[in-house]
Amino acid sequence: MKTVNYKNIFNEDIEVEYDENAPCRICGLPVEHASMGGTDVCPWCDCGKYRDGTDQTFMEIVYKNNRLRKKAKEIYEKRKSLDEQHSVTKIFYKIKRGS
Ligand SMILES: [Zn+2]
């Protein structure tokens, strides 16, 4: 486990512990280091690069973004149906990702 410092929305320092061997949610390789994108996106994917330093192409980035958007929608729908079944608060739906 490693730790990284981020600022929260109130500009306060927060320390986050993460598993450096957990898979990056974009490339699937171990994240190794946290990035500005968070502890589940490796620094290479965060910068649009492969680990050999080459750039990811525009279409590869579009494909990944579409895939992530589709996955996020699936999670949202699953969560929504679970919440309807269990009448859990709907506040989670107000959290939006930057486009
Ligand atoms: Zn990655």
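Everything numeric here is computed off the predicted structure, so don't read it as measured data.

Visitor: Could you clarify how one ought to interpret the overall build of the chain in this entry?
Guide: Counting secondary structure elements, the chain contains two helices and two strands. When the helices and strands of the chain are placed in sequence order, the string is β-β-α-α. Looking at the chain as a whole, 8% of its 99 residues qualify as buried. For the chain, long-range pairs separated by at least 24 residues make up 5% of all intrachain contacts whose partners lie at least 6 apart in sequence.

Visitor: Even after reading the chapter, I still don't get the nonpolar core, so can you show me in this structure?
Guide: Looking at soluble globular proteins, one finds that nonpolar side chains tend to be buried together. If you look at the biggest cluster of nonpolar residues, it comprises six residues: Cys-24, Ile-26, Val-31, Cys-42, Trp-44 and Cys-45. Sequence-distant contacts of Cys-42, that is, excluding residues within four places in its chain, are made with Cys-24, Cys-27, Leu-29, Val-31, Glu-32 and Ser-35.

Visitor: Can you walk me through the pairing of strand E2 (residues 13-18) in this structure?
Guide: Side-chain direction in a regular strand flips from residue to residue, so the side chains alternate between the two faces of the sheet. Burial of E2 is sparse: only zero of the six residues sit out of reach of the surface. The sheet contact formed by strand E1 (residues 2-7) and E2 spans six bridges and is antiparallel. Across the sheet, the residue bridging to Val-4 is Val-16, located in E2. Hairpin connection, E1 to E2: the antiparallel pair is bridged by five residues, and Asn-11 has positive phi, about 65 degrees.

Visitor: Looking at this structure, how should I read the environment of Tyr-18?
Guide: Here Tyr-18 is to be found in strand E2. The exposure class of Tyr-18 is partly exposed, given the 16 C-beta atoms found within 10 Å. A C-alpha to C-alpha distance of 5.6 Å links Tyr-18 and Met-1, two positions 17 residues apart in sequence. With residues near it in sequence (within four places) discarded, Tyr-18 still touches Met-1, Lys-2, Val-4, Ala-34 and Thr-39.

Visitor: What exactly am I supposed to notice about the confidence of the model for the chain here?
Guide: Close inspection of predicted coordinates is inappropriate in any region flagged by low pLDDT. Residue-level pLDDT values for the chain average 80, and 83% of them are 70 or greater. Mean pLDDT across the secondary structure elements of the chain bottoms out at helix H2 (residues 58-86), with 76, and peaks at helix H1 (residues 43-46), with 91. For the stretch residues 88-96, pLDDT sits under 50, and the model shows three contacts to residues farther than four places along the chain or on other chains.

Rules and cut-offs
Residues numbered from 1 in each chain as written. Predicted model: local features only at pLDDT ≥ 70, side-chain atom pairs only at ≥ 80, totals over all residues. Helix = DSSP H or I, 4+ residues; strand = E, 2+ residues; numbered from the N terminus. Buried ≥ 20, exposed ≤ 12 C-beta atoms within 10 Å, placed from the backbone. Contact = placed C-beta atoms within 7 Å. Core = buried A, V, L, I, M, F, W, Y, C linked by C-beta atoms within 7 Å. Pairing = 2+ DSSP bridges. pLDDT = per-residue confidence, 0-100.

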